[in-house]
Amino acid sequence: MLRIWFVDDLESNRKMWRNSFPLDVLEKHTLRTFPSIKALFNAAESEPLPHILFIDYYIGEDFGHDVVDYFLKVAPRPFLVAHSSAFAANQAMVQQGAHIVLEKKPGKVFTASIRQHIRSEEDLFAWVRHLA
């Protein structure tokens, strides 16, 4: 079972993110959302780390590059997905160490980029194998 996490301060974005995954992923894997970097870091310090982490860039008063920095220093390092609606922010997170970008367009029911790249759980396992 994969642990898939997402940090974003907006509840509507967290709900949209969850709505974007195929049913087999929702049924077989743990998807958790965090409304702040503090909540994310608290979980990371007290629980098993995620296999995959989706990161928004503007998270309240904090920024996604702080999340990338934190997770570059942990082991085992999760597969980091830059997932902001700002193109420059996504590019900055990738330059800093995130593995890929999946663009987010706010105000939708689901995220098209997630549905295009994650058609089944096998797509997620491929990301995790990439880290090995």
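Structure report, in brief. What you see is a predicted model; the values in this text were computed from it and never measured. (Residues numbered from 1 in each chain as written. Predicted model: local features only at pLDDT ≥ 70, side-chain atom pairs only at ≥ 80, totals over all residues. Heavy atoms only, no water.)

### Quick word on the packing of aromatic side chains
- Scanning all chains against the criterion turns up 13 aromatic pairs.
- When the centroid spacing of 5.6 Å and the interplanar angle of 70° are considered together, the rings of Trp 17 and Phe 54 count as edge-to-face. Placement of the pair is Trp 17 in helix H1 (residues 11–18) and Phe 54 in strand E3 (residues 52–55), with a sequence separation of 37 residues.
- For Phe 54, a relative accessible area of 0% gives the class buried. (Phe/Tyr/Trp six-rings, centres within 6.5 Å; stacked < 30°, edge-to-face > 60°. Helix = DSSP H or I, 4+ residues; strand = E, 2+ residues; numbered from the N terminus. Buried < 20%, exposed > 50% of the residue type's maximum accessible area, 1.4 Å probe, protein only.)

### Quick notes on the pattern of salt bridges
- Enumeration over the complete set of coordinates arrives at six salt bridges.
- Here Glu 47 and Arg 32 are joined by a salt bridge, their closest N and O atoms 2.4 Å apart. One end of the pair, Glu 47, is in the loop between helix H3 (37–46) and E3; the other, Arg 32, is in strand E2 (residues 30–34), with 15 residues separating them in the sequence.
- Assessed through its relative accessible area of 32%, Glu 47 is described here as partly exposed.
- When its relative accessible area of 28% is taken as the criterion, Arg 32 is described as partly exposed.
- Between Arg 129 and Glu 122 there is a salt bridge, and its shortest N-O distance comes to 2.9 Å.
- Judged by its relative accessible area of 44%, Glu 122 is partly exposed.
- Residues joined by salt bridges that share partners form a network here, namely Asp 8, Asp 56 and Lys 104. (Salt bridge = Lys/Arg side-chain N within 4 Å of Asp/Glu carboxyl O.)

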